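What the coordinates show
What follows is the residue order along each chain.
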Amino acid sequence: MHHDIKKFSKVAAQKANTTQTGQTLLEVIIAIGVITVGIIGTIALVITSTKAGNVSQNELIATNLAREGIEVARSIRDNNWLAIEANTPGVTWDQDLFDPAAPGGGLAGFTAIPLFDADNNQWSLDFDANDFITTCTDHTCTQVFRTQDQLHQYADALPPGTSEVPFARLVTLRPICRDENNAEALLEDSSKVCADLANQNGLGAQVKKVGVEIESQVRYRVEQEEATYTLVDRVYNWKPGVVDE
């Protein structure tokens, strides 16, 4: 009887050890699973955060480029006002805000890229770009480049040290035409002038150019996908004493 009890105790101990070993192994497997899930989740979060950061940064750059396009056109109008006040001959308020020599119709002559002259610290608009694929010398006109930590566009050959960035910008300047009843319409054909819209599109007989609608559009790439940011504003010739066209 004593021998049987001893044998039973030994068997029970072996079963207990086996059960404990099985539980320990199960706990290790569960722990590894939890850690693995945590690591995968962390990696996914980092990837998502990095991608979101890139998107946010590109959106910010696109917004600033679009806003800059608006301000360049506005500054040209303001400089024209100053020239008129200084009695500079031949200057009109909308000078350099369109290309009167542009061939053909449509928006040709209304589309441009902003250029910065570092030597004279002055902005201008170049109207050679008719769309986002027009070529200027050795590159696409609307392409934006990084030069000495600044973003610029170029109509001529690229200067040394420039590198392409995933942004392109096109500014469209549509004349705002107004009649004697203050009704307004946009001119969509650069081969015409506002006076040509007289008695059309609900306008009266006396139509003149009173402003410019500026559409600054920036295209950019994020993770091989193309996005577009567009900013639209209007500038008017509200300066007293400056004659409308």
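As the structure is a computational prediction, the values presented were derived from the model and not from experiment.

Remarks on the packing of aromatic side chains
A complete count under the given rule lists four aromatic pairs for this structure. Ring geometry for W81 versus W238: centroids 4.9 Å apart, planes at 75°, classification edge-to-face. Of the two residues, W81 is situated in helix 1 (residues 2–85) and W238 in the segment after strand 10 (225–236); the sequence distance between them amounts to 157 residues. For W81, a relative accessible area of 5% puts it in the buried group.

Side note on the side chain of T63
For T63, the position within the fold is in helix 1. From its side chain, T63 meets the backbone oxygen of E59 in a polar contact 2.8 Å long.

Here's the deal with the nonpolar core
Among the nonpolar cores identified, the biggest contains 15 residues, and L97, L125, L173, V212 and I214 are the most heavily contacted of them. Examining the composition of this core, we find that five residues originate from one element, helix 1, more than from any other. The contacts of L97, once residues within four sequence positions are left out, are A73, I76, R77, L125, F127, L173 and V212.

Structural notes on the state of the cysteines
A full pass over the atoms with the stated rule returns two disulfides. Across the disulfide, C136 is cross-linked to C141 (sulfur-sulfur distance 1.8 Å). The disulfide joining C136 to C141 has a torsion of about 100° about its S-S bond and is therefore right-handed. Covalently, C177 is tied to C194 through a disulfide, its sulfur atoms 2.0 Å apart.

Quick word on the environment of D94
Its place among the elements puts D94 in the loop between helix 1 and strand 1 (111–117). Accessibility expressed as a relative area gives 3% for D94, which makes it buried. Of note is the side chain of D94, whose polar atom sits 3.0 Å from the side chain of T92.

Examining the pattern of salt bridges
In the structure shown here, the tally under the stated rule is 11 salt bridges. A salt bridge links R74 to E71, with the shortest nitrogen-to-oxygen separation between them at 3.4 Å. Of the two residues, R74 and E71 both sit in helix 1, three residues apart, roughly one turn of that helix. Classification of E71 by relative accessible area gives partly exposed; the value is 40%. With a closest N to O distance of 3.0 Å, E188 and R174 form a salt bridge. Residue E188 is found in the loop between strand 8 (184–186) and strand 9 (207–222), and its partner R174 is found in strand 7 (residues 163–179); the two are separated by 14 residues along the sequence. Residue E188 is classed as partly exposed on the basis of its relative accessible area, which comes to 41%. Assessed through its relative accessible area of 12%, R174 is described here as buried. In this structure, a network of salt bridges that share partners links the residues R178, E184, E213 and R234.

Regarding unusual backbone geometry
One non-glycine residue with positive phi stands out, namely D96, at about 70°. Along the chain, the position of D96 falls in the loop between helix 1 and strand 1. Although it is not a glycine, N182 adopts a positive phi angle of roughly 70°. Along the polypeptide, N182 turns up in the loop between strand 7 and strand 8. Overall, N182 belongs to the exposed group, its relative accessible area being 56%.

Description of the pairing of strand 9
Side-chain direction in a regular strand flips from residue to residue, so the side chains alternate between the two faces of the sheet. By the criterion of burial, strand 9 is predominantly enclosed, with 12 of the 16 residues buried. Where strand 7 meets strand 9, 13 bridges bridge the pair, whose relative direction is antiparallel. Its bridge partner being in strand 9, I176 is matched across the sheet by G211. Note that strand 9 and strand 10 share 12 bridges and pair antiparallel. The residue bridging E215 from the neighbouring strand is V232, located in strand 10.

Here is what the cut-offs are and how they apply
- Residues numbered from 1 in each chain as written.
- Predicted model: local features only at pLDDT ≥ 70, side-chain atom pairs only at ≥ 80, totals over all residues.
- Heavy atoms only, no water.
- Phe/Tyr/Trp six-rings, centres within 6.5 Å; stacked < 30°, edge-to-face > 60°.
- Helix = DSSP H or I, 4+ residues; strand = E, 2+ residues; numbered from the N terminus.
- Buried < 20%, exposed > 50% of the residue type's maximum accessible area, 1.4 Å probe, protein only.
- Polar contact = N/O pair within 3.5 Å; in protein donor to acceptor, adjacent residues only side chain to side chain.
- Core = buried A, V, L, I, M, F, W, Y, C linked by side-chain atoms within 4.5 Å.
- Contact = heavy atoms within 4.5 Å.
- Disulfide = S-S within 2.5 Å.
- Salt bridge = Lys/Arg side-chain N within 4 Å of Asp/Glu carboxyl O.
- Pairing = 2+ DSSP bridges.

Everything listed is a geometric property; what it means functionally is a separate question.
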